[in-house]
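Read off the chains here:
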Amino acid sequence: MSKPDYILESSWEVCNKVGGIYTVLSTRAKTLQDVMNDKIIFIGPDIWIGNDNPYFIEDSNIFSEWRKKALSSGLNIRIGRWDIPGYPISILVDFKPYFKIKDEIYGWLWDNYQVDSLHAYGDYDEASMFSYAAALVVESFYKYNISEPSKVIYHGNEWMTGLGLLYINNKLPQVGTIFTTHATSIGRSIAGNNKPLYDYLYAYNGDQMAQELNMQSKHSIEKQTAKYVDCFTTVSDITANECKELLDKPVDVVIPNGFDNNFIPKSASFIKKRNTARKKMLDVANALLGTDLDDSTLLVSTSGRYEFRNKGIDVYIEAMNRLLKDDSLTRNVLAFIEVPGWVAEPRQDLIERLKNGGEYDTPLENPVLTHWLHQMDEDRVMSMFNYLDIRNRQNDKVKFIFVPCYLTGNDGIMNIPYYDLVLGYDLCIYPSYYEPWGYTPLESIAFKVPCITTDLSGFGLWANTEKGGYSEIADGVKVIHRTDYNYSEVADEIKKAVVEYSNFDDTAVKKARGNAEKLSKKALWSSFIKYYYEAYDIALEKTLQRNINK
């Protein structure tokens, strides 16, 4: 098997924490850094120009001669290390200077690869100029620092790196190219627009749907990149099928998302953090609701990106509302929703109650959310609360708390980072409709918190594969069968699973938590990195053949 001498990998989320791909790259980096020893180099956008980037440690001594050469040629870069385990070398590039020649770049892209950029809008231009700038970094770095016959990989993540991958394909044929789509732009759009994706996947024409949903440019760059790179990959079998049907290109290899558990607290520290998290959630709930809920309360949660249907936020609320009316429930339940909405500010009335630390027997106004929102009436979670008449009444056994902000540790209410909060839950619920992989459930079980998910997520399918059948809550992960049309059945299955778990005795809870942790260890990067080596081998073999045939 061919192994690369250098890997250059780009993503909009290198040293830029905005989504799940940041987790993919930042947890995988140490595994590759241990093997490559500073010959794995990440390239990201320099969006912090003039300010300190909290994820980046600049070091002017790294590649100092090349840096001078690059700067003199007009390539504005900063070099340093990504502040993550392994501290890999990272290059941040200023892409803004290329906006003035974007029409020329798009013209070249059309002439050489028939990519339609005419219908671009939103973040297309910004992503494309970054992608172009990143490719210039690769080209400059290769010509200055790498000698033949070194085996070099350029790996781009998501459509946002497609233009650069095509540039390298054209200008540096001696470099092997890999493209990973973590979710097809058109598949996500079909699902997000309330169209049935799965039953009709075989019948959808990707180009036609892109035109209907005004996604032509993103779909076009994604489709053409998949066609021309040396190795096309995605993160799960479910998305591989989507790629084959919507991009007309089967993937060369599936590279599932692994996990690094080095930051999971150990033994006494874990218990302390779990207790702290539970106390904080109960304190916030009691101050908001005017209740006296204690540690016997079942704490459940859903979290992630605010994609109301795709992430299953709608069916989670529906399931918890049905649980509220279920006489077989014998425990109080706090159902948290942690997705970032359009936050105005943390609630001062709630802050005051938390500061005072007293007991209250009356709820605050609108006792379902922790932070005020802009345009509250248009928020989808709040709209569904209103539609279902969810008011957190005193006698309700299930109470809802919407935390509509990024949990960075300084949100004004929780003030605990997400990873330090999630380990305090009893159960996490991610009933996704569209989820190519699913980091949130994997993170949940890594913290010994059993979870509920669906078989429309890559993670759910993987959990079933490991079980050899449908995984149950006692196994640490409950996987529910979900289709385009069985929303109501999914809500009922969630409700039943929560009731079942709420009735577990201490021994059963301990066993389920242990099973969750065991399963998470099967998804460590040490197990999954082999799929990346397979992708590297495919790309390098094609590169070798291309250069032999020149």
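These notes cover the structure that comes with them. Quick caveat, the model's predicted, so the values are computed rather than measured.

Rules behind the numbers
Residues numbered from 1 in each chain as written. Predicted model: local features only at pLDDT ≥ 70, side-chain atom pairs only at ≥ 80, totals over all residues. Heavy atoms only, no water. 1 Å grid on protein atoms, 1.4 Å probe; cavity = no way out; pocket = protein on both sides within 12 Å on 5 of 7 lines; lining within 4 Å. Points joined across faces, edges and corners; volume = space filled by probe spheres on them. Helix = DSSP H or I, 4+ residues; strand = E, 2+ residues; numbered from the N terminus. Nonpolar A, V, L, I, M, F, W, Y, C, P; charged D, E, K, R; others polar. Disulfide = S-S within 2.5 Å. Buried < 20%, exposed > 50% of the residue type's maximum accessible area, 1.4 Å probe, protein only. Pairing = 2+ DSSP bridges. Right-handed = clockwise from strand over helix to strand, strands pointing away. Contact = heavy atoms within 4.5 Å. Axes fitted to C-alpha atoms, helices over the stretch in contact; angles between N-to-C directions.

## Some points on the layout of surface pockets
- Considering only enclosed or pocket space, the second largest pocket measures out at about 480 Å³ in volume.
- Lining the second largest pocket are 19 residues, and of these Arg274, Asp426, Val509, Lys510 and Arg513 lie nearest its centre.
- For the lining of the second largest pocket, the secondary-structure elements that each account for two or more residues are helix 10 (267-289) and helix 18 (506-521).
- No other element matches helix 18, which puts six residues into the lining of the second largest pocket.
- For the lining of the second largest pocket, the class distribution of residues is six nonpolar, three polar and ten charged.

## A short note on the state of the cysteines
- Taken as a whole, this structure holds zero disulfides when the rule is applied.
- Free cysteine: cysteine 231, not disulfide-bonded; nearest cysteine sulfur from cysteine 243 at 12 Å.
- Under the relative-accessibility criterion, cysteine 231 is labelled buried at 0%.
- Between cysteine 405, a free cysteine, and cysteine 428, which holds the nearest cysteine sulfur, the sulfur-to-sulfur gap is 16 Å.

## Some points on the pairing of strand 7 (residues 176-181)
- Among the six residues in strand 7, six count as buried, and that is most of the element.
- Both faces of strand 7 are covered, namely the face carrying Gly176, Ile178 and Thr180 and the face carrying Thr177, Phe179 and Thr181.
- Here strand 6 (residues 152-157) runs beside strand 7; their pairing, made up of five bridges, is parallel. Each residue of the ladder has a partner; that of asparagine 157, found in strand 7, is threonine 180.
- For the handedness criterion, the β-α-β arrangement of strand 6, helix 5 (residues 162-171) and strand 7 is classed as right-handed.
- Pairing of strand 7 with strand 8 (residues 231-234), which is carried by four bridges, proceeds in the parallel orientation.

## Observations concerning the sheet that holds strand 2 (residues 40-45)
- Taken together, the nine strands give an open sheet; going across it, the order is 3-4-5-2-1-6-7-8-9, and neighbouring strands pair in mixed fashion. What marks the edges here is a single partner per strand, and that holds for strand 3 (56-58) and strand 9 (253-254).
- Contacts from helix 2 (residues 64-72) reach strand 3, strand 4 (77-82) and strand 5 (89-93) within the one sheet, and its direction differs from that of strand 4 by about 145°.
- On top of the sheet, helix 4 (residues 124-145) reaches strand 1 (6-10), strand 2, strand 4, strand 5 and strand 6; it is set at about 145° to strand 2, its chief contact.

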